[in-house]
Amino acid sequence: MAPITRSGAGALISHQGGLQPPRERYRETSWSFVGETDGRSEREPSEEPTSSYDEDMMSDGGDEDVTGKQLLLESPEDHEDILHPLREAANRVGREVEKFAEILDSYNPLRAIEESERYAMTLELIELYYGVAKDTVGRLREQHDTERRKRDGIRWRKKMRGFRIAQETDELEFDEDDEGEYPAEPNIQTTLEDLERWEQEAQTWDLLHRLVQARYPPPGSEAQKNQARTQKSALHKYSKECDLWEDFLETDELALERNTVLRWLKESAEDSSEDIDVLVQDLQQNADRGDIIAHGWLHTKAAIKNEKRLQAWPKDLDPSSPILSRGFMNTARTEPLITQLDPDAATRQSRHLEVQDKYFERAIWLGCWEMLRRGRSANEIREWCVERTEIWRAVSMSGLPGENMDNDQTADPESWSLWRRMCFALAHNGGGDQYERAVYGVLSGDISTVEPACRTWDDFIFANYNALLRTQFDNYLQRFGHQGSSSTIASNFSIFDAVQFHGDPQSAGARLVETLRSDPRTSKETQQPMKMLQGVLIANQFKHFIHQQGLALSKFANAAGGTNLFPVEKDEPDDLGRYVAAEDHDSLRVFTHVLLVFKCLGVDLGGAFKRTAVENVIVSYISFLRLAGKEELIPLYCSQLSGVRRYAILSRTLIDITDYDQRITQIKLMRELGLDVQEFVRMQAFNLLEDYPTIVNEYPAVGKFSLFDHPHLTNVTGIGRRLRQDFLGEEDKLERVDMLLIRSFEWYLLVDGMWSETFEVGTLLYLRFFKNMHLNAARILASRVSSSVIARSKTQALIGETLDFTALENGDDEDITEVLDGSAERKKLLRKHLLTEARNFRELEALSESLDYIETVSSLDCLMIEKKEDPAWQKNVRSQLARNVQHSRTSIPTLLNKWLLTSPNVELADEFTQLREAYLPETILAYITTLQIAGWALTRDFIMECMDLAALVAEEDSDLLQLFEKTDRMQELVEAFTAASKNLLYITSEKRSAGSKSKKMRIKGWTQELWSVKP
């Protein structure tokens, strides 16, 4: 995946309506997971796979250049096709995950110094998130709008309106060839459920933006507000309508918050619902009036006219007439018809309309309800009613106070109060249609008459918050009233007091949300994560919710076993089934970014005691990013964590990145985000060592490490024991933990400095591998991260030039200027210090290399035995043997020179002693055998080296002699030297023509005459 793109925010967002993105530019700029094996990620804009593995294993060549790309580890698990189990999910969400990260990276409020700047950036952050959601909704609507319209359909809407369907096969025809404004992203499969979820998410970001502005005013705004109040003229009963409404919201914070929620509910309904004319279309069709949408109750009017003509009535029909009581019925002869056409006729006469006119009546009231529900202005409602010649209905709704008041109209608080009571009476004692009652219920601030028309959770919140706000405003208006005729009349009519009904005003929202959660009408909808979050925001309970969500994620993660990403929490979530699981990646993305918004606002989310649980939400999202192949977004979100946990999560989620270039990219991203890359590298290995400790108390290698085969088997010389084959194990078989430890150590090569710590960690890894006889892991560690590679990667930053250990040990070339200014001595001391710090690591590395050499000779020994009669094979094998013997010259001498007798502390000294006793005697005995094989196959000079080795062991105060005596292996050592002597004797006796001495023999003073036995 390519690095995070820091492009302009304007390129990300191109939505219309709702919140508008700011016109500014972006700045330029668990261990159980398995790494990628093959295949490229299909995500955009990434071009390279997150992790990849070369098919070739480690080369047999020299040390690898640290500046080149590193060869990659392989293991059986790496070849399983399970790296990105969530790639399908990542493709489904498309670019939105990366867009959210780009926005956070560019508009991170935590970078701001001034509080006002941080606040402004936080609002911009929410706006941009909202813009991404709106953009996605627009694109998905173009793809799935036809599907949704077909699913909902006319039949569904008729059933929801409570009327019998007139036609069973009604369907709408749609043009599916229309191309929308938002082209579909290629290779990304989306569903109608994705559209609905993104619509809810867009609504959630809109709600959050509104509530943040209402609950968290910008720094310094309180002083400005107080100053504005002092300069504002006092209000009175003749003040303008708009002045009273604004003062009401300014002086009552709770009213402002409820009005904010109401405006959000209205605009959300306007944005997500069908056009009102479409909603009432099916009712209009059942009214059996063609395309006529005006002129009232046509069928009832025709029936009245017909009755007048038949009965020759000279005036209005009298409903009390016996003739009308018996015979004036509707077409179906089931209900008596009204005799007059005024709006109150049905209520006053207790009679009915023709069935077709009932459909028409319901269509009108449904339209009025929808307009009130969507926050349409009085003028818009009036125009809609005038178009249908129902102007009286618009007049009945003109007394509704709100944001659309006339700026020049003088307020009339008493009339408002009286009109509210009249609407309440109509809602309870008026017509029989539920939408008519709901309309008057909304106007009066009632709840019981509005709820029957509610279909969604949003509708129920609207009904209750509308009632609360109307009651609050009514109470506010009382200060401007006087004891007049209107107030006297108003006192004679009852009214619903929503404030008293809901109880404590500060907790009313929370109780309402909780009630709807258990209400059968809305309980299923409240289980949707976005609806749950909207309820939490409205109830102002995000602090409690996000802590409980974090506890639930910890509970889910630890249910099947321990996890290193989520500590076990002592507290239990209050309702585990209520919260989302880690598999709900879309919800986790929203929760995470909402959490970051509250952190930017400085909201106390529970302090240090709850911080770990709260941050579990971010960690869960980071886990999804890793599994979805979005590793280069991980440092950004880890930087939002607190303390050392950011590095712990970083180390655990990035452990499977093995590509050299991708590791470099990660290091660069960390530095840009202000993360301590040394701390990250440091925690890689130490977290692993802590998570997977060696649980054995004893030293398993003692008494079990063996390099020799069955004692009755001899090597190719016929004298001496045969070496075991493949005792290191197969190169492509490596335990998962060992592989992770080696990977963690590779990160040290990418960070300057840390010389001592690098070799200290490497020493610990070698000790762990040798203790548990994981010899293959030790061999791979020596091959992957050799001491020479470490030296070349770090010496440039330490001493100003790139050197390996040979150059460090032979650093006698002193510049005259350095001698004069005294820096030569300092550099000499520095080199000495560097060599000392690396000594133990290099000694253990020498053991690994020696064992690798011995195993190779063992394999060649078997080949020589098997192919003894094949001269061509013999020549090839001997050539390989000569090369391996030459390679052993660098590692074997280290084992013979006070190996591991110097340690940095007492604890390591004890382990060094155990390692020496377990490995060194066996290795030296095996080395003697390799010299015998080389002497037999190549030249007797190698066997002569055995004699030098015997002299070295026999020296006074020899650590090797003491070691063999302590381990009770002197007899084996003597037998090994005896076998070497016999081999030398036989070889010398057989080679009669050997009369000259090699250069090496002359230098060392060797002679073969002592070993020449004459018949």
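Because the structure is predicted, anything quoted here is derived from the model rather than measured.

About the thresholds
- Residues numbered from 1 in each chain as written.
- Predicted model: local features only at pLDDT ≥ 70, side-chain atom pairs only at ≥ 80, totals over all residues.
- Heavy atoms only, no water.
- Helix = DSSP H or I, 4+ residues; strand = E, 2+ residues; numbered from the N terminus.
- Buried < 20%, exposed > 50% of the residue type's maximum accessible area, 1.4 Å probe, protein only.
- Areas by Shrake-Rupley, 256 points an atom, 1.4 Å probe, with all protein chains shown as cover.
- Core = buried A, V, L, I, M, F, W, Y, C linked by side-chain atoms within 4.5 Å.
- Contact = heavy atoms within 4.5 Å.
- Phe/Tyr/Trp six-rings, centres within 6.5 Å; stacked < 30°, edge-to-face > 60°.
- Lys NZ or Arg CZ within 6 Å of the ring centre and 35° of its normal.
- Axes fitted to C-alpha atoms, helices over the stretch in contact; angles between N-to-C directions.
- Parallel < 35°, antiparallel > 145°, perpendicular 65-115°, else oblique.
- Left-handed = near helix turned anticlockwise from the far one by under 90°.
- Nonpolar A, V, L, I, M, F, W, Y, C, P; charged D, E, K, R; others polar.
- Salt bridge = Lys/Arg side-chain N within 4 Å of Asp/Glu carboxyl O.
- Expected span 1.5 Å × (residues − 1).
- Disulfide = S-S within 2.5 Å.
- pLDDT = per-residue confidence, 0-100.

## Describing the overall build of the chain
- Within the chain one finds 45 helices and zero strands.
- Per-residue burial over the chain gives 52% buried out of 1015 residues.
- Within the structure as shown, the chain displays about 46800 Å² of accessible surface, and the carbon and sulfur contribution to it stands at 48%.

## Details of the nonpolar core
- Among the nonpolar cores identified, the biggest contains 242 residues, and Trp-369, Phe-542, Tyr-637 and Phe-770 are the most heavily contacted of them.
- The element contributing the most residues to this core is helix H41 (residues 906-937), with 15 residues.
- Contacts of Tyr-637, omitting those with residues within four sequence positions, involve Phe-100, Ala-101, Leu-104, Thr-592, His-593, Leu-596, Ile-618, Tyr-621, Ile-622 and Leu-625.

## A closer look at the packing of aromatic side chains
- Scanning all chains against the criterion turns up 31 aromatic pairs.
- With a centroid separation of 5.7 Å and an interplanar angle of 45 degrees, the aromatic rings of Trp-416 and Phe-473 are classed as tilted. Remark: Phe-473 occurs in helix H19 (residues 457-477) and Trp-416 occurs in helix H17 (residues 413-429); sequence separation between them is 57 residues. Phe-473 carries the same exposure label as Trp-416, and that label is buried.
- Taking the centre distance of 5.2 Å and the plane angle of 70 degrees together, the rings of Phe-759 and Phe-841 count as edge-to-face. Of the two residues, Phe-759 is situated in helix H33 (residues 755-771) and Phe-841 in helix H38 (residues 823-866); the sequence distance between them amounts to 82 residues. Pair check on accessibility: Phe-759 and Phe-841 agree, each one buried.
- The structure contains a cluster of three or more aromatic residues connected by ring pairs, namely Phe-705, Phe-745, Tyr-748, Trp-755, Phe-759, Tyr-766, Phe-770, Phe-805, Phe-841 and Tyr-919.
- If you follow Arg-721 out to its NZ or CZ, it ends over the ring of Phe-708, 4.0 Å from the centre.
- A cation over an aromatic ring shows up here: Arg-842 above the ring of Phe-805, its NZ or CZ 4.2 Å from the ring centre.

## Concerning the packing of H17 against helix H18 (residues 434-444)
- Two elements in contact, H17 and H18, have axes separated by 8 Å at closest approach and are oriented at 150 degrees. Judged on the interaxial angle alone, H18 and H17 are roughly antiparallel. In this structure, H17 crosses over H18, and the sense of that crossing is left-handed. Taking contact as the criterion, the partners of Arg-420, Cys-423, Phe-424, Leu-426 and Ala-427 in H17 are, on H18, Arg-437, Tyr-440, Gly-441, Leu-443 and Ser-444.
- Classifying every residue of the contact of H17 with H18 by side-chain character gives six nonpolar, two polar and two charged.

## Some remarks on helix H22 (residues 508-518)
- Taken together, the buried positions of H22 are Ala-508, Gly-509, Ala-510, Leu-512, Val-513 and Leu-516.
- Against the buried residues of H22 lie helix H8 (253-272), H19, helix H21 (498-502), helix H23 (523-526) and helix H24 (529-539).

## Points about the pattern of salt bridges
- Here the structure, examined in full by the defined rule, presents 50 salt bridges.
- With its nearest N and O atoms 2.7 Å apart, the salt bridge here joins Asp-691 to Arg-652. Residue Asp-691 is located in helix H31 (residues 677-691), and its partner Arg-652 is located in helix H29 (residues 645-653); the two are separated by 39 residues in the primary sequence.
- When the shortest N-O distance is used, the salt bridge between Arg-663 and Glu-746 registers 2.8 Å. Taken together, the residues span a long stretch of sequence, with Arg-663 in helix H30 (residues 660-672) and Glu-746 in helix H32 (residues 736-746) at a distance of 83 residues.
- The exposure class of Arg-663 is buried, given its relative accessible area of 2%.
- Judged by its relative accessible area of 3%, Glu-746 falls in the buried class.
- Taken together, the shared-partner salt bridges in this structure form one network comprising Arg-626, Glu-631, Asp-656, Arg-736 and Arg-743.

## What about H19?
- Here H19 is 21 residues long and its end C-alpha atoms lie 30 Å apart, about the 30 Å a rise of 1.5 Å per residue gives.
- For H19, the tally of buried residues reaches 20 of 21 residues, placing the bulk of the element in the interior.

## Looking at the packing of H24 against helix H26 (residues 585-600)
- It is at 10 Å that the axes of H24 and H26 come closest, and there the two elements cross at 20 degrees. Taken as axis vectors, H24 and H26 run roughly parallel relative to one another. Handedness of the H24/H26 crossing: right-handed. Each of Pro-529, Met-530, Met-532, Leu-533 and Leu-537 in H24 lies in contact with H26, whose residues at this interface are Ser-587, Val-590, Phe-591, Val-594 and Phe-598.

## Notes on the side chain of His-547
- Looking at the secondary structure, you find His-547 in helix H25 (residues 542-559).
- Among the residues examined, His-547 registers a relative accessible area of 7% and is labelled buried.
- Residue contacts for His-547: discarding those within four places in its chain leaves Asp-571, Lys-610, Ala-613 and Val-614.

## Things to note about unusual backbone geometry
- With phi around 60 degrees, Asn-540 is a residue other than glycine that occupies positive phi space.
- Examined against the element boundaries, Asn-540 turns out to sit in the loop between H24 and H25.
- We classify Asn-540 as partly exposed; its relative accessible area is 46%.
- In this structure, Asp-957 is a non-glycine residue whose phi angle is positive, near 60 degrees.
- Positionally, Asp-957 belongs in the loop between helix H42 (941-953) and helix H43 (959-966).

## Some words on the environment of Thr-836
- Positionally, Thr-836 belongs in helix H38.
- The exposed category is assigned to Thr-836, whose relative accessible area is 52%.
- Residues Thr-836 and Ser-756 lie 80 residues apart in sequence; the distance between their C-alpha atoms is 9.3 Å.

## Details of the environment of Asn-330
- Looking at where Asn-330 falls in the secondary structure, it is placed in the loop between helix H12 (322-327) and helix H13 (345-349).
- Leave out the neighbours within four places in its chain, and Asn-330 touches Glu-335, Leu-337 and Glu-354.

## Focus: the environment of Leu-863
- Topologically, Leu-863 is positioned in helix H38.
- Residue Leu-863 is classed as partly exposed on the basis of its relative accessible area, which comes to 26%.
- With eleven residues separating them along the chain, Leu-863 and Gln-874 place their C-alpha atoms 8.4 Å apart.

## Considerations on the side chain of Arg-420
- Within the fold, Arg-420 resides in helix H17.
- The class for Arg-420 is buried, based on a relative accessible area of 6%.
- Setting aside anything within four residues of it in sequence, one finds Arg-420 in contact with Leu-443, Ser-444, Gly-445, Arg-470, Thr-471, Asp-474, Ile-495 and Phe-496.

## Section: the state of the cysteines
- Applying the stated criterion across every chain yields a total of zero disulfides.
- The closest cysteine sulfur to the non-disulfide-bonded Cys-385 is located on Cys-368, 4.2 Å from its own sulfur.

## Re the confidence of the model for the chain
- Model confidence for the chain is summarised by a mean pLDDT of 80, while 78% of its residues fall at 70 or above.
- Confidence scores differ between elements of the chain, with helix H1 (residues 9-12) showing the lowest mean pLDDT of 37 and H24 the highest of 96.
- Confidence drops under pLDDT 50 across residues 1-85; counting only partners more than four residues distant or on other chains, this segment forms 242 contacts.
- Taken as a whole, residues 1001-1006 scores under 50 in pLDDT and shows twelve contacts with residues more than four places along the chain or in a different chain.

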